[in-house]
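# Structural features, examined
Here are the chains, one letter per residue:
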Amino acid sequence: MNDKLKPPTIVTAVCSTVMGLFALAGCLFLMKSGGPDLLVLISILANVMLIGLAVLQWVVYFRAYVDFRIEQLRQESLSKD
(Lines give C-alpha, C1' and ligand atoms only; values in the text may rest on other atoms or scores of the structure.)
Protein backbone atom coordinates (compact mmCIF):
# COMPACT_ATOMS: atom_id res chain seq x y z
CA MET A 1 0.00 0.00 0.00
CA ASN A 2 2.99 2.29 -0.44
CA ASP A 3 2.03 3.45 -3.91
CA LYS A 4 2.97 7.04 -4.62
CA LEU A 5 0.08 9.44 -4.75
CA LYS A 6 0.22 12.20 -7.33
CA PRO A 7 -0.95 15.64 -6.27
CA PRO A 8 -3.69 17.24 -8.38
CA THR A 9 -2.56 19.50 -11.17
CA ILE A 10 -3.02 23.24 -10.84
CA VAL A 11 -2.50 23.93 -14.56
CA THR A 12 -6.20 23.97 -15.48
CA ALA A 13 -7.12 26.44 -12.75
CA VAL A 14 -4.23 28.77 -13.60
CA CYS A 15 -4.91 28.65 -17.35
CA SER A 16 -8.62 29.38 -16.93
CA THR A 17 -7.79 32.31 -14.62
CA VAL A 18 -5.28 33.78 -17.07
CA MET A 19 -7.74 33.31 -19.94
CA GLY A 20 -10.44 35.10 -17.94
CA LEU A 21 -8.11 37.99 -17.13
CA PHE A 22 -7.08 38.43 -20.77
CA ALA A 23 -10.71 38.34 -21.85
CA LEU A 24 -11.56 40.91 -19.18
CA ALA A 25 -8.79 43.18 -20.45
CA GLY A 26 -10.16 42.83 -23.98
CA CYS A 27 -13.65 43.63 -22.77
CA LEU A 28 -12.47 46.74 -20.93
CA PHE A 29 -10.54 47.87 -24.01
CA LEU A 30 -13.63 47.32 -26.15
CA MET A 31 -15.76 49.35 -23.73
CA LYS A 32 -13.20 52.17 -23.61
CA SER A 33 -12.88 52.35 -27.39
CA GLY A 34 -16.64 52.68 -27.76
CA GLY A 35 -17.37 49.42 -29.54
CA PRO A 36 -20.85 48.37 -30.65
CA ASP A 37 -23.27 47.86 -27.76
CA LEU A 38 -24.16 44.30 -28.77
CA LEU A 39 -20.50 43.31 -28.95
CA VAL A 40 -19.83 44.86 -25.54
CA LEU A 41 -22.80 42.97 -24.07
CA ILE A 42 -21.64 39.66 -25.57
CA SER A 43 -18.13 40.35 -24.27
CA ILE A 44 -19.42 41.03 -20.77
CA LEU A 45 -21.49 37.84 -20.75
CA ALA A 46 -18.55 35.81 -22.03
CA ASN A 47 -16.35 37.27 -19.29
CA VAL A 48 -18.86 36.37 -16.61
CA MET A 49 -18.86 32.79 -17.90
CA LEU A 50 -15.06 32.64 -18.08
CA ILE A 51 -14.65 34.01 -14.57
CA GLY A 52 -17.26 31.54 -13.33
CA LEU A 53 -15.33 28.74 -15.03
CA ALA A 54 -12.11 29.89 -13.37
CA VAL A 55 -13.75 29.92 -9.94
CA LEU A 56 -15.17 26.45 -10.57
CA GLN A 57 -11.73 25.17 -11.57
CA TRP A 58 -10.19 26.53 -8.37
CA VAL A 59 -12.94 24.88 -6.29
CA VAL A 60 -12.32 21.56 -8.05
CA TYR A 61 -8.57 21.90 -7.55
CA PHE A 62 -8.79 22.70 -3.83
CA ARG A 63 -11.23 19.84 -3.21
CA ALA A 64 -8.90 17.44 -5.01
CA TYR A 65 -5.92 18.80 -3.08
CA VAL A 66 -7.66 18.37 0.26
CA ASP A 67 -8.61 14.80 -0.68
CA PHE A 68 -5.01 14.16 -1.76
CA ARG A 69 -3.59 15.45 1.53
CA ILE A 70 -6.08 13.45 3.60
CA GLU A 71 -5.21 10.28 1.71
CA GLN A 72 -1.49 11.03 2.01
CA LEU A 73 -1.74 11.54 5.77
CA ARG A 74 -3.87 8.41 6.10
CA GLN A 75 -1.27 6.33 4.28
CA GLU A 76 1.52 7.81 6.41
CA SER A 77 -0.33 6.97 9.60
CA LEU A 78 -1.00 3.41 8.38
CA SER A 79 2.64 2.91 7.48
CA LYS A 80 3.74 3.97 10.99
CA ASP A 81 1.51 1.37 12.63
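In what follows, the accompanying structure is described. Note that the structure is predicted; figures quoted are calculated from it, not measured. (Residues numbered from 1 in each chain as written. Predicted model: local features only at pLDDT ≥ 70, side-chain atom pairs only at ≥ 80, totals over all residues. Heavy atoms only, no water.)

## Section: the overall build of the protein
- Along its length, the protein carries 2 helices and 0 strands.
- The C-alpha radius of gyration of the protein comes to 20 Å, more than 25% above the 12 Å expected for a compact globule of 81 residues.
- Evaluated residue by residue, the protein yields a buried proportion of 17% over its 81 residues.
- For the protein, the proportion of contacts with a sequence separation of at least 24, taken over those separated by at least 6, is 78%.
- About 6,400 Å² of surface is accessible on the protein, with carbon and sulfur atoms providing 72% of the total. (Helix = DSSP H or I, 4+ residues; strand = E, 2+ residues; numbered from the N terminus. Rg over C-alpha atoms; globule rule 2.2 N^0.38 Å. Buried < 20%, exposed > 50% of the residue type's maximum accessible area, 1.4 Å probe, protein only. Contact = heavy atoms within 4.5 Å. Areas by Shrake-Rupley, 256 points an atom, 1.4 Å probe, with all protein chains shown as cover.)

## Things to note about the packing of helix H1 (residues 11-32) against helix H2 (residues 37-80)
- Running from amino to carboxyl end, H1 crosses H2 at an angle of 160°, the nearest separation of the two axes being 9 Å. Taken together, the axes of H1 and H2 are roughly antiparallel relative to one another. Helix-helix and strand crossings are classified by hand; for H1 and H2 the assignment is left-handed. Where H1 approaches H2, its residues Thr12, Ala13, Val14, Ser16, Thr17, Met19, Gly20, Ala23, Leu24, Cys27, Leu30 and Met31 are matched on the opposing element by Leu39, Val40, Ser43, Ile44, Asn47, Leu50, Leu53, Ala54, Gln57 and Trp58.
- The residue inventory of the contact of H1 with H2, partitioned by class, reads 15 nonpolar, 7 polar and no charged. (Axes fitted to C-alpha atoms, helices over the stretch in contact; angles between N-to-C directions. Parallel < 35°, antiparallel > 145°, perpendicular 65-115°, else oblique. Left-handed = near helix turned anticlockwise from the far one by under 90°. Nonpolar A, V, L, I, M, F, W, Y, C, P; charged D, E, K, R; others polar.)

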